[in-house]
Structures are given as C-alpha cells and as structure tokens.
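Spelled out from the first residue to the last, the chains are:
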Amino acid sequence: MTSPSLKVRNPATLEQIAELPVASAAEVAAAAARARKAQRPWQAKSLAERAKLLYRFRDLLIDEQERLADIVTAESGKPRAEVYGNELFYLCDVIGFWAKNAEKFLRPKKIRPHLFMFKTKKVFSYHYPLGVIGIISPWNFPLVLTAGDAVPALMAGNAVLIKPSELTPLTALFVAELAQKAGFPDNLLQTVIGGAEAGQTLIDHVDMIAFTGSVEVGKQVAQRAAERLIPVSLELGGKDPAIVLNDANLERAANACVWGALMNSGQVCTSIERIYVEEAAYDTFVAKVVEKVRALRQGASDEEIELGSMSSEGQFKKVQAQVDEAIAKGAKALTGGCANPNLRGLFYEPTVLVEVNHDMSIAHEETFGPIIPIIKVRDADEAIRMANDSRYGLDACIFTRDKQLAARMIDQLHTGTVCVNDALVNYIIPDTPMGGVKDSGSSRRHGVEGIRKYCRQKTVVVDRLGLRNEFPWFPASRKKTEQMRRLINLLWRSGWKTKFRSPDRARKAPVP
Ligand code: NAD
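This write-up is about the structure you can find in this document. This one's a predicted model, so the numbers in the text were calculated from it and none came from an experiment. What you see as residue numbers is a count from 1 along each chain, following the sequence as written. A pLDDT threshold of at least 70 governs which residues receive local features in this predicted model, and a stricter bar of 80 or more applies before side-chain atom pairs are shown or counted, although totals over entire chains, interfaces and linings include all residues. The side-chain numbers reported here are obtained from all heavy atoms of the structure, hydrogens and water having been left aside.

## Quick notes on a nonpolar patch on the surface
Judged by side-chain polarity, Phe471, Met484, Ile488 and Trp492 come together as a nonpolar surface patch covering roughly 400 Å² of accessible area. Each helix is a run of H or I in the DSSP string that is no shorter than four residues. Each strand is a run of E no shorter than two, and both are numbered from the N terminus. With respect to the element layout, isoleucine 488 can be found in helix α16 (residues 478-492). Surface patches are drawn from residues lacking salt bridges whose relative accessible area is over 30%; two like charges belong together within 9 Å, two nonpolar side chains (Val, Leu, Ile, Met, Phe, Trp, Tyr) within 5 Å. Methods summary: accessible areas were calculated by the Shrake-Rupley approach with a probe of 1.4 Å, and residue burial reflects only the protein chains presented. Salt bridge, as applied in this entry: a Lys or Arg side-chain nitrogen positioned within 4 Å of an Asp or Glu carboxyl oxygen.

What follows is the structure in structure tokens.
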C-alpha cells in the first residue's frame, strides 16, 4: 500500500510544485523519540554555545535568501518584497534578540522572602527546558510562524518538531535543512509533514504544543493536550478594529490602514479588518483610502507589486462569500468586490466596502483576505462599543492626536495589544509580549513570557541556619498554638500600622 501524499500548489499559478509523503503515526512517534535523544546533550550546552549555532544559522539564512524567497513565494503566493521585508527581516532580528536576551530571561533568580520569619531561608527560581516542543503552524507566514517560534524554544534548551501547514510545508523543510547545515545536533529540529492527523499525533508525543491557527482547531488542540496535561500555547484568530477620530492625521491614518489591512493580502492575524471612522473625518478618510487602494498593483511574486495572490483556496471562497453577503445586505464596494479577472491564481481584488453594519459577517467573522470594511460612527464611545462587539481580541489601532482620549480608549478596548497612530507593529517588537484575549487566545509570544513558556519553572528553598527543629514542626502544643494566634494578631490585625498606609498605592498608567 502506498502511503498518502501531500500535493503543494503555487496559489498564484495553481500549478503543483511538490508532492510530499505524509508522516504516519509511527513516523511522528519515531521523530519525537529521536528529538528526545538529541535534546539531552543540547540542554547540557551553555547558552553561549546555543547562541553561536543560531548565529551560524542566521548567516546561512542570509546566504540562502534568494532560494528561501523562491520557496516562500512559490508556496504562499506572497510578493518577494514581503518575504524580505516581513519574514526574513523578522527572523534575523529575533535570532539576535533571543541569543542576546535568553540569559537575562532564564538565569536563576534569587528571591527575597517578604516575611522576616523566612529570612532564614535562601530561595531560588530556576527555568529548565520542557524537552520536546511541538510547533503547529498556519500558512500565512511560512517562515516567521515556524522558525520564528522555534528559535526561543531552541535557545531555552529544547528540541523542536515543526508541523507546518499542509499548504506551505516547503519553507519549514528548508529551514530544517539549513539548521542541519549550521551544525545543530542531528534531529534537534525536525519537520513533520501532514495535516490534522499528523498534528493530533504530534500532540501525543511532545512535552508542549505551541499552536498558531484558527479558533476552532485551537480548541481541538487544547482538548488533545489536556488529555496528557501538557502545556499548550494558543495564538488564534482576530478581527482587529481600527478607530479613526476626527482630529487624526488622516493621511497617516489612511496609509497605515491600507497597509495594515492589505499587507500579505490581508492574511495576517493582526490585519485591520474593520475601520470605525468618526463622522466629520469619514468622507476625507474614505476618499484617501480609495485613492491609495486604486494605486496598488497586484500580480505574480517576482514583479514590482504590493499585492500577491491569496494562499488558501478555502479562505479565497470564504472571503468571496463574505463580500457577496455584505453587498446583498446593502454594502457598497468602492473598489474590487470580486476576483481579479486578469490573473489566473487566487487573486482577489483589494476591496473597500462602505455602508457596512454588524449584521454582516464581514463585520464580525475573521476575514483572511484583502478587504477593508469601513463603518461611520458618531464618536469615540460608539467606536469602542462596536470594536468590543466581537468574540476576538487580538490587536486594535487608534488614530487620534488626543493623548488623554487615547489613554482612556486603551483602557476600554478588549484586546491583547493596541497600536496608537500605527498598525501591525506590535508583532515585530520582540522585546514586549504579543498575544490576544477572548477567542484570540491567552498566550504570549516575545518578551520574557515568550521564552519562559518553553520552560518548566522550579523553586528551590535552602535552609540557612540548620536548627534541630523549626517552630511549625512536630510536636504540637497548646503553648505553640497560643503563640501562633498572638503572632497572627500582631502581624495582620488592622491597627496602628494600617492607619499610616497610603490608601492608593497604585501607580497611574503612563499616557501614550
Ligand atoms: P488552521 O487552524 O486551519 O490550521 C493551523 C494548523 O493546524 C495547520 O498546520 C493544520 O494542519 C493544523 N491542524 C488542523 N487541524 C488540526 C487538528 N485537529 N489537530 C492538530 N492540528 C491541526 O489555520 P490556518 O487556516 O492554517 O491559518 C489561519 C488562522 O491562523 C487564522 O485564524 C489566523 O488568524 C490564525 N493566525 C493566528 C496568529 C496569531 O499569532 N494569533 C498568527 C497567524 C495566523
């Protein structure tokens, strides 16, 4: 019997570019066993030794950038400029970031107990690698969401098994090849090819799953991981709002919104997917957006273009259905509104939609495509109410010159991140955590959380004095109980100490 295979297509030409065998359950298990063996000596290496290999890996990525761009563009349909500008740029930067900062984030920390009684103890917090990390990735950033997530896991001392999307497996295979060339231990970074079944099997053999993808699959991943009680990080979908207020710099807002909505053909988890514009700014803003969208060029990846093809036929059909439904319910397409008739692959024309309302799925379901729905609102309060009317909560953008108002809106937005007078930039600043709330997931990439999630934390307490016995130990006695009661009263009964305590010690949030 022949094993099942996976056909990889170029979405811009619809031509098949590769056929790969799908990993069987036994092959996934064997890959995990090999990774486990490779991980132990890797954990024993110093952070400096791990960093050295990552730098060599980065040099190879840069040496092989042309081939890398060929592979990414062929399987995703995105413009070549975006491979360099968004994928490779990010990956090169985060390799340096994790190589330099892992020591600071992971070094053993001495903790000073707050209570005087415990000053007789030394307390430490340690971080150890979890072992083998499974990374399950979507197709929209074949490099960033595979290698980009693997780097902190490797730096923390883990082995990594990547299961890339069945639509874009070739980039991850090339990454594993380059890692091998860079001198990483055999089997430390491997790729498992397949779809849902391979993903489910992977969960059964690893020590942690880092999943990026849709909400629906995220729930299935969490359920399977729960059976083994392994940690799971979930980076899920979004329906990110932008709010443009009357006093905004409308030229900057329009440029940011067009880029934020259409970069990678709108196939970004933090894409701007709905724009709420205050009444007085509405006409000017819409005119600017339409003008800028009309100037965009769409085509094959090696041309001078801003927009490539979409990557997934399923998403292409979903976007088409959402736009058709919106138009049937009264929305107007000021540009696009259909597939590009001049191009053969999965090209949907960049579409500006107005007269959109929240009864239309385009306003509340995730749209992974080049669509800009614009909604007129009375004021900032109405914009916030509509922005929060969503099951998602990934990123949001606010465009205003009023810093106090922006600060109030930041407090009110139910999202994991907010950009003020900017778009999409949160993801590419690895110094700070990035992630969502509500159905967008609860995990964080980047910052200290972005590497510690690949670790198990251990607390160690060491006695300093070596006394023969300690007060709470056996034997119990009435006298000891009475002493304990007195101690509790002395330490914590409200009294003279609390009168001198400041009522509000909370520090005010900084104004942006
Ligand atoms: P998807 O959920 O369909 O698939 C993601 C991955 O999961 C693929 O590798 C797929 O093969 C695998 N998979 C599918 N079913 C599985 C199962 N039952 N068990 C285990 N693995 C399974 O998502 P997609 O269509 O590839 O990607 C688009 C989604 O990803 C969008 O919702 C987007 O918002 C989200 N995304 C989120 C972020 C983020 O950082 N929050 C980043 C990029 C994309």
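## What to know about the pattern of salt bridges
A complete count under the given rule lists 31 salt bridges for this structure. Measuring nitrogen to oxygen at the nearest pair gives 2.7 Å for the salt bridge that ties lysine 288 to glutamate 251. With lysine 288 in helix α10 (residues 279-294) and glutamate 251 in helix α9 (residues 250-262), this residue pair connects regions lying 37 residues apart in the sequence. Residue class for lysine 288 comes out partly exposed when judged on its relative accessible area of 21%. With its nearest N and O atoms 3.2 Å apart, the salt bridge here joins lysine 329 to glutamate 325. Three exposure classes are used, based on accessible area relative to the maximum for each residue type with a 1.4 Å probe and protein chains only: buried under 20%, partly exposed in between, and exposed over 50%. For glutamate 325, a relative accessible area of 25% translates into the label partly exposed. One connected set of salt bridges, linked through shared partners, spans Asp149, Glu235, Arg445 and Lys453.

## A look at the environment of alanine 226
Relative to the helices and strands, alanine 226 is located in helix α8 (residues 215-228). On the basis of relative accessible area, alanine 226 is assigned to the partly exposed category, the value being 44%. Residues alanine 226 and isoleucine 203 lie 23 residues apart in sequence; the distance between their C-alpha atoms is 9.8 Å.

## Some points on the site of the ligand
Being near a molecule or strand, for a residue, comes down to having at least one heavy atom within 4 Å of it. Near the ligand there are 30 residues, and of these Ser137, Glu166, Ser214, Leu236 and Glu366 occur at the shortest range. Between N or O atoms, a polar contact is any pair within 3.5 Å; within protein, one atom must be a potential hydrogen donor and the other a potential acceptor, and residues adjacent in sequence are included only when both atoms are from side chains. Serine 137 places a main-chain nitrogen or oxygen 2.7 Å from an oxygen atom of the ligand. Separating an oxygen atom of the ligand from a side-chain N or O atom of glutamate 366 is a distance of 2.5 Å. Bound to the protein, the ligand loses 92% of the 860 Å² it would expose on its own. Secondary structure elements with two or more residues in the shell around the ligand: α7 (196-203), β8 (208-212) and α8.

## A word on the layout of surface pockets
Points on a 1 Å grid, built from protein atoms alone, make a cavity when a 1.4 Å probe fits but cannot get out and make a pocket when they are open with protein on both sides within 12 Å along at least 5 of 7 lines; residues with an atom within 4 Å of a point are the lining residues. Grid points are joined across faces, edges and corners, and a volume is the space filled by probe spheres set on the points. Each pocket or cavity is described by its volume, and for the second largest pocket that value is around 330 Å³. Forming the walls of the second largest pocket are 14 residues, and the residues nearest its centre are Met117, Phe118, Glu470, Phe471 and Pro472. Ranked by residues supplied to the lining of the second largest pocket, first place goes to α16 with three residues. Each residue gets one label: Ala, Val, Leu, Ile, Met, Phe, Trp, Tyr, Cys and Pro are nonpolar, Asp, Glu, Lys and Arg are charged, and the others, such as Gly, are polar. Of the residues in the lining of the second largest pocket, the class split is 10 nonpolar, two polar and two charged.

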